[in-house]
Amino acid sequence: MPTPLIDGAAALEAALDQISPVTAVCDVALAQATGRVAARDVAAPTAMPFFTNSAVDGFAIRLAGAAVSQRLPVVATLAADAAAVPDLPEGKAIRVFTGAPLPEGTEAVVPLEDVRESDHAILLETLPEAGANMRRAGSDQPQGAILLSRSRRILAHHIGLLAANGVRQVRVFARPRVAVLSTGDELTADLLRAGQIYDANRPMLLSMVQAAGAEALDAGVLPDAPGPLATRLGELARTADLVLTSGGVSMGGRDPLRPAFLAAGGTIAAWRVALKPGKPIVFGRLGPAAFTGLPGNPLAAFVGFQLFAAAQITRLCGTEPAPFAAFRGRAAFSWRRRPGRQEVFPVRCLGTDETGLPLLQRLGNGVSATLFPLAGADGLAIVAADCADVSPGQMLRWQPLFDGMTHDA
Ligand code: AMP
Ligand code: MG
């Protein structure tokens, strides 16, 4: 009796159940913080802006007694780095540039374009409102405001905000270690004889592991021999937080992965997912490590990583994964399919419909043995197991092929 297939949602749950997030932390300089996950909240050391300053190039004035067409002599000039700031005398103006600290007594800043200037004086053409163009001390954020929350993946805008606040380093979770092993007698680096192929999965998975924010450990290639495979899996489980393999995990005669994994002492939590491509996937634990066995067919390995391993790594890193394929698009193709398994396929964007939704062309005709359809792809779309056909204009869920690091909890 073949093992029944589990559905995609149950498989994701089983995949995530194997994961305990890393707890070790370290401090990194801001320049090294991109993509790391914050291990604690970072509070603003001071209120911002530090001092009241001008939002525009213009003239600081008092409003008491000010009137349209009134002539105000300009008695000083202040730039953004002015250290000595005079008080603003009654009936006078001080020229200020954007960011300049404002003189005591300033009630508004009149933009350059709202005055006429002659003879070291200005004529007001309109009367500004009280506080116009003044950036008041503390108006952006109070002292203690949370600039970066624990468990957030750190992106460029966090780095800019922390830098503006004078924060130079952040406490982040240690990068989890993910080992990547390829299995298969046919895999080789130099195609010495007929029947051999290059290893596509290991370089691809190593790249995806890094993009997901983990440290990638290259565990090489092993032939389809259960004994050595069991030994290597045992070793890897002692050095990695997650062991990721590809190949050898279906029900054929040359599929040594599960027997080797069980011989090494592993426990299997789930095996075989109602997914196309990518049915032969196994999730389990081996000693202290989580274990995920992806299929050998490269497109199936890619899809399996995107749906399950990427989410596992995100959780390992200390943050929560975003749902896969949360973007909407419209089919620009028709397709009849056999219901039964959820299906993921490469798509290309052909522009947008009148509402701005992407129009998606299906690529690849359902093959899983080649990555070639991804060469022209902009993303992966997904249809539910019970879907029997797709017609042009139908709404689809899809996932652009960005770098995984742009996703946040
Ligand atoms: P398997 O899951 O081991 O039965 O492999 C399924 C198919 O994927 C076979 O055609 C394998 O030759 C191929 N395959 C397995 N691993 C890799 C790999 N790392 N790179 C490229 N193709 C692979
Ligand atoms: Mg194989």
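Residues numbered from 1 in each chain as written. Chains lettered and ligands numbered in written order. Predicted model: local features only at pLDDT ≥ 70, side-chain atom pairs only at ≥ 80, totals over all residues. Heavy atoms only, no water.

A word on the overall build of the protein chain
Step number 1: Scanning the protein chain for helices and strands turns up six helices and 28 strands.
Step number 2: Radius of gyration (C-alpha) of the protein chain: 30 Å, far over the 22 Å computed for a compact globule of 409 residues.
Step number 3: Its C-alpha atoms give the protein chain principal-axis dimensions of roughly 95 × 50 × 40 Å.
Step number 4: Relative to its 409 residues, the protein chain shows a buried fraction of 46%.
Step number 5: Nonlocal contacts in the protein chain, meaning residues at least 24 apart in sequence, comprise 71% of its contacts between residues at least 6 apart.
Step number 6: When the accessible surface of the protein chain is totalled, it reaches about 19,100 Å², and 53% of it is carbon and sulfur. (Helix = DSSP H or I, 4+ residues; strand = E, 2+ residues; numbered from the N terminus. Rg over C-alpha atoms; globule rule 2.2 N^0.38 Å. Buried < 20%, exposed > 50% of the residue type's maximum accessible area, 1.4 Å probe, protein only. Contact = heavy atoms within 4.5 Å. Areas by Shrake-Rupley, 256 points an atom, 1.4 Å probe, with all protein chains shown as cover.)

What about the site of ligand 1?
Step number 1: Near ligand 1, the surroundings consist of 16 residues, among which Glu 186, Asp 199, Ala 200, Gly 248 and Gly 296 are the closest.
Step number 2: One of the side-chain N or O atoms of Asp 199 is found 2.7 Å from a nitrogen atom in ligand 1.
Step number 3: The separation between a nitrogen atom of ligand 1 and a polar side-chain atom of Asn 201 is 3.3 Å.
Step number 4: Protein chains shield 76% of the accessible area of ligand 1, which is 480 Å² for the free molecule. (Near = heavy atom within 4 Å. Polar contact = N/O pair within 3.5 Å; in protein donor to acceptor, adjacent residues only side chain to side chain.)

Some details on the sheet that holds strand β7 (residues 108–111)
Step number 1: With respect to topology, six strands assemble into an open sheet ordered β7-β4-β6-β5-β9-β8, the strand pairing being mixed. Each edge of the open sheet is held by one strand with a lone partner, namely β7 and β8 (115–118). Looking at each pair of strands side by side, their axes are set apart by 40° on average, direction ignored.
Step number 2: Note: strand β5 (residues 71–78) against strand β9 (residues 121–124), three bridges, orientation antiparallel. Its bridge partner being in β9, Leu 72 is matched across the sheet by Ile 122. (Pairing = 2+ DSSP bridges. Axes fitted to C-alpha atoms, helices over the stretch in contact; angles between N-to-C directions.)

Focus on the pairing of β9
The side chains of a regular strand alternate between the sheet's two faces.
Step number 1: Sheet topology places β8 next to β9; four bridges connect them, and they run antiparallel. Bridge pairing links Ser 118 to Ala 121 in β9.
Step number 2: The turn joining β8 and β9, which pair antiparallel and follow one another in sequence, is formed by two residues; a positive phi near 55° is taken by Asp 119.

Quick look at the sheet that holds strand β18 (residues 267–271)
Step number 1: Pairing in this open sheet of six strands is mixed, and the strands run β16-β13-β17-β21-β20-β18 from one edge to the other. In the strand order of this sheet, the two ends are held by β16 (215–222) and β18, each with one partner. For this sheet, the mean inter-axis angle between neighbouring strands, taken without regard to orientation, is 20°.
Step number 2: Strand direction decides the pairing type here: strand β17 (residues 242–246) and strand β21 (residues 289–294), joined by five bridges, are parallel. Considered in β21, the bridge of Leu 242 is made with Ala 290.
Step number 3: Helix α3 (residues 201–211) rests against β13 (177–183), β16, β17 and β21 of the sheet, and its axis sits at about 165° to β16.

A few points about the packing of aromatic side chains
Step number 1: Per the counting criterion, the structure on display carries five aromatic pairs.
Step number 2: Ring geometry for Phe 333 against Trp 335: centres 6.3 Å apart, planes inclined by 55°, an arrangement best described as tilted. Across this residue pair, the class does not change: Phe 333 and Trp 335 are buried.
Step number 3: A network of ring pairs unites the aromatic residues Phe 333, Trp 335 and Phe 345 as a single cluster.
Step number 4: Above the ring of Trp 271, the side-chain terminus of Arg 272 is found at 5.7 Å from the ring centroid.
Step number 5: For Arg 362, the ring lying beneath its charged end belongs to Trp 335, and the centroid distance is 3.8 Å. (Phe/Tyr/Trp six-rings, centres within 6.5 Å; stacked < 30°, edge-to-face > 60°. Lys NZ or Arg CZ within 6 Å of the ring centre and 35° of its normal.)

Side note on the pairing of β13
Step number 1: Among the seven residues in β13, six count as buried, and that is most of the element.
Step number 2: With five bridges joining them, β13 and β17 adopt parallel strand pairing. What sits directly across from Val 178, in β17, is Leu 242.

Some thoughts on helix α6 (residues 298–316)
Step number 1: The largest bend in α6 amounts to roughly 45° and is located at Phe 305.
Step number 2: With 16 of its 19 residues buried, α6 lies for the most part within the structure. (Bend = angle between axes of the 7 residues up to and from the residue.)

Some points on the pattern of salt bridges
Step number 1: Under the definition given, this model contains 13 salt bridges.
Step number 2: Salt-bridge contacts for Arg 202 lead to Asp 199; the nearest nitrogen and oxygen are separated by 2.8 Å.
Step number 3: You can call Arg 202 buried: its relative accessible area is 18%.
Step number 4: By relative accessible area, which is 12% here, Asp 199 ends up buried.
Step number 5: Each of Asp 199, Arg 202 and Asp 218 takes part in salt bridges that share partners, so that together they form one network. (Salt bridge = Lys/Arg side-chain N within 4 Å of Asp/Glu carboxyl O.)

Quick word on the environment of Asp 140
Step number 1: With respect to the helices and strands, the residue Asp 140 is situated in the loop between β10 (134–135) and β11 (146–148).
Step number 2: Sequence separation between Asp 140 and Met 48 is 92 residues, and the spatial gap between their C-alpha atoms is 5.5 Å.
Step number 3: Sequence-distant contacts of Asp 140, that is, excluding residues within four places in its chain, are made with Met 48 and Pro 49.

What about the nonpolar core?
Step number 1: Counting 45 residues, the largest nonpolar core has Leu 244, Phe 305, Phe 308 and Ile 313 as its most contacted members.
Step number 2: When residues of this core are traced back to their parent elements, those giving at least two are α1 (8–17), β13, α3, β17, β21, α6 and β26 (379–383).
Step number 3: Among the elements that make up this core, the one with the highest residue count is α6 (ten residues).
Step number 4: Excluding residues that lie within four positions of it along the chain, Phe 308 makes contacts with Gly 8, Ala 11, Leu 12, Ala 15, Val 273, Leu 275, Ile 281 and Phe 283. (Core = buried A, V, L, I, M, F, W, Y, C linked by side-chain atoms within 4.5 Å.)

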